[in-house]
Amino acid sequence: MIQQLVRSNILQLKPYASARSEFTGQAEVFLDANESPFDTGYNRYPDPLQHTLKASVAQLKGVPASQIFLGNGSDEAIDLLMRIFCEPGQDHIIILPPTYGMYRVSAAIAGVDVREVPLQPGSFQPRVEAVLEAADEHAKLLFLCTPNNPTGNSFRPELLRELVQGFPGIVVVDEAYIDFSAQQSCTHWLSEFPNLVVMQTFSKAWGLAGIRLGMAFASEEIIGYLNKVKPPYNINQLTQEVALKALQQAEAQQQAVQQLLGQRTLLQQYLISLPFVERIYPSDANFLLVQVDGPRRIYDYLVARGIIVRDRSQVALCEGCLRITVGLPEENERLFRALVEYE
Ligand SMILES: *Cc1c(COP(=O)(O)O)cnc(C)c1O
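Given the structure is predicted, the values throughout are model-derived calculations rather than measurements.

Engineer: Outline the overall build of the chain, listing residues and values.
Structural biologist: Helices and strands together make up the secondary structure of the chain, namely 12 helices and 11 strands. Since a compact globule built from 343 residues should have a radius of gyration of about 20 Å, the 22 Å found for the chain is in line with a globular shape. By principal-axis analysis of the C-alpha atoms, the chain measures approximately 70 × 50 × 30 Å. Considering only residue pairs separated by 6 or more positions, the chain has 69% of its internal contacts joining residues 24 or more positions apart. With the model as given, the accessible surface of the chain reaches about 16,400 Å², and the carbon-plus-sulfur share is 51%. In the chain, which carries 28 positive and 38 negative side-chain charges, the distance between the mean positions of the two groups comes to 3 Å.

Engineer: Run through the site of the ligand, naming residues and quoting values.
Structural biologist: In the vicinity of the ligand lie 13 residues, with Asp174, Thr201, Ser203, Lys204 and Arg212 positioned nearest. In this structure, an oxygen atom belonging to the ligand sits 2.7 Å away from a main-chain N or O atom of Ser74. In the environment of the ligand, an oxygen atom lies 3.2 Å from a nitrogen or oxygen atom belonging to the backbone of Asp75. Taking 390 Å² as the accessible area of the ligand by itself, protein coverage stands at 94%. Of the residues belonging to the shell around the ligand, the class tally is four nonpolar, five polar and four charged.

Engineer: Describe the sheet that holds strand E11 (residues 321–325), naming the residues involved and giving the relevant values.
Structural biologist: Pairing is antiparallel across the open sheet formed by four strands, whose spatial order is E8-E9-E11-E10. A strand with exactly one partner marks an edge of an open sheet, and here the two such strands are strand E8 (277–280) and strand E10 (310–311). Sheet analysis places strand E9 (residues 287–292) next to E11, joined by five bridges and oriented antiparallel. Within E11, the residue paired with Phe287 across the bridge is Thr325.

Engineer: Please set out the packing of aromatic side chains residue by residue, giving values where relevant.
Structural biologist: Counting across every chain of the model gives 10 aromatic pairs. For the ring pair Phe276 and Tyr342, a centre distance of 5.0 Å and an interplane angle of 70 degrees mean the geometry is edge-to-face. You can see Phe276 sitting in the loop between helix H10 (250–272) and E8 and its partner Tyr342 sitting in the segment after helix H12 (329–340), a full 66 residues away along the chain. The same class applies to Phe276 and to Tyr342, which are both buried. One aromatic cluster is present, built from ring pairs that chain together Tyr100, Tyr103 and Phe143. The residue whose ring lies beneath Arg161 is Trp189, and the NZ or CZ to ring-centre distance is 5.5 Å.

Engineer: Give me the pattern of salt bridges: which residues, what numbers.
Structural biologist: All chains considered together, the criterion is met by 11 salt bridges. Arg104 is the salt-bridge partner of Glu116, the closest N and O atoms lying 2.1 Å from each other. Taken together, the residues span a long stretch of sequence, with Glu116 in strand E3 (residues 113–116) and Arg104 in helix H5 (residues 102–110) at a distance of 12 residues. Arg104 sits in the partly exposed class, given a relative accessible area of 38%. The shortest N-O distance in the salt bridge between Arg156 and Glu158 comes to 2.9 Å. Residue classification places Glu158 among the partly exposed residues on the basis of a relative accessible area of 39%. Look at the salt bridges and you will find they share partners, linking Arg296, Asp300 and Asp311 into a network.

Engineer: Summarise the packing of helix H11 (residues 295–304) against H12; cite the residues concerned and give the values.
Structural biologist: With their axes 11 Å apart at the nearest point, H11 and H12 run at an angle of 120 degrees to one another. Between H11 and H12, the crossing angle belongs to the class labelled oblique. Seen along the crossing, H11 lies across H12 with a hand that is right-handed. When H11 is examined against H12, the residues Ile298, Tyr301 and Leu302 are found in contact with a partner set consisting of Leu335, Ala338 and Leu339.

Engineer: Give me the lowdown on the pairing of strand E1 (residues 68–71), citing residues and values where you can.
Structural biologist: Within a regular beta strand, the side chains point alternately toward one face of the sheet and then the other, so they alternate between its two faces. What you see with E1 is no split at all: Ile68 and Leu70 on one side and Phe69 and Gly71 on the other are buried throughout. The pairing of E1 with strand E7 (residues 214–218) spans four bridges and is antiparallel. When the bridges of E7 are listed, Ile68 appears paired with Phe217.

Engineer: Tell me about the sheet that holds strand E2 (residues 92–95), and name the residues and values.
Structural biologist: If you trace the seven strands from one edge of the open sheet to the other, you get E1-E7-E6-E5-E4-E2-E3, paired in mixed fashion. Strands at the two margins of the open sheet, each flanked by one partner only, are E1 and E3. The sheet shows a mean angle of 25 degrees between the axes of neighbouring strands, direction not considered. Pairing of strand E4 (residues 139–145) with strand E5 (residues 170–174) involves five bridges; the strand directions are parallel. Bridge pairing in E5 places Leu142 opposite Val171. Together, E4, E5 and strand E6 (196–201) form the strand contacts of helix H7 (residues 157–166), whose direction differs from that of E4 by roughly 165 degrees.

Engineer: For the environment of Gly73, give the residues involved together with the corresponding values.
Structural biologist: Structurally, the position occupied by Gly73 is in the loop between E1 and helix H4 (74–85). Setting aside anything within four residues of it in sequence, one finds Gly73 in contact with Arg212, Leu213 and Gly214.

Procedures and definitions
- Residues numbered from 1 in each chain as written.
- Predicted model: local features only at pLDDT ≥ 70, side-chain atom pairs only at ≥ 80, totals over all residues.
- Heavy atoms only, no water.
- Helix = DSSP H or I, 4+ residues; strand = E, 2+ residues; numbered from the N terminus.
- Rg over C-alpha atoms; globule rule 2.2 N^0.38 Å.
- Contact = heavy atoms within 4.5 Å.
- Areas by Shrake-Rupley, 256 points an atom, 1.4 Å probe, with all protein chains shown as cover.
- Lys, Arg positive; Asp, Glu negative; His and termini not counted.
- Charge placed at Lys NZ, Arg CZ, Asp CG, Glu CD.
- Near = heavy atom within 4 Å.
- Polar contact = N/O pair within 3.5 Å; in protein donor to acceptor, adjacent residues only side chain to side chain.
- Nonpolar A, V, L, I, M, F, W, Y, C, P; charged D, E, K, R; others polar.
- Pairing = 2+ DSSP bridges.
- Phe/Tyr/Trp six-rings, centres within 6.5 Å; stacked < 30°, edge-to-face > 60°.
- Buried < 20%, exposed > 50% of the residue type's maximum accessible area, 1.4 Å probe, protein only.
- Lys NZ or Arg CZ within 6 Å of the ring centre and 35° of its normal.
- Salt bridge = Lys/Arg side-chain N within 4 Å of Asp/Glu carboxyl O.
- Axes fitted to C-alpha atoms, helices over the stretch in contact; angles between N-to-C directions.
- Parallel < 35°, antiparallel > 145°, perpendicular 65-115°, else oblique.
- Left-handed = near helix turned anticlockwise from the far one by under 90°.

The following block contains the structure:
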């Protein structure tokens, strides 16, 4: 069933066979990859399939290593899925705005059309019937972002399930902010739905945006296609090492998340006391979507004070809104002190 959704050029593709992936077994002398023999710590190509790192991710997430793909950020997984499943000029993707901007950009680069089914205004929940109505045989990918960026809310699990069950193509659930949410990850549906892809990242709760590492969890069949089309050494040695070390100290990540959740509540309390704050949307993420009177003026005022937030006021259904990331206690206090003096 998945195979019928894959572009024919990808089905026919004979992938690049790297020197290191052609050899299996034990060896001591490596004269196969034109590497330098001088030990710099990094003179050898990295493991193309990141076995050690995947074993550690598998243990933490409770997903078998054979159902894990690692990418150069989630953005790489998004781009590869686009190129595996969508025939340019023929197929399209479905997105539920307001949402993460990269789905649209990635589609535009691939020459793939985008159909929009906006979220319910205010509640920002998906309109399941409208999404499924928009899904014809050329709708290859449905992107669901939960908790959603920039609205911060999670989709109700029963709505998510209806979408995963009812959509005829591949459903990509982007869980970049799942560690800040009380909701369960959709990875527990993987054994039930071969068309489901769940994405997570090291860029947010793990505090490792700089190493560029994203995770995709899916059926072995989909993982096979991702591995087939990825650049051979897409995750460099430094990234693999840093991520492995972070996974071995997972309590530090839990503590950071707990601190940010506490700060999120505090920031909410600060902000709601300000006269020009009209509404703060409930957040399951490490940011708040805040509706204010005069967003652009407030944005410019903060910039002049050296504080940068995200102006989302021109985004449909986010009119009047700023998106504010939860920072350190002193950063949040500095924001609040600046806003108290705003007039
Ligand atoms: C930040 C974010 C990501 C992370 O992308 P990376 O390429 O892994 O840094 C993915 N999805 C959403 C919705 C995000 O907001």
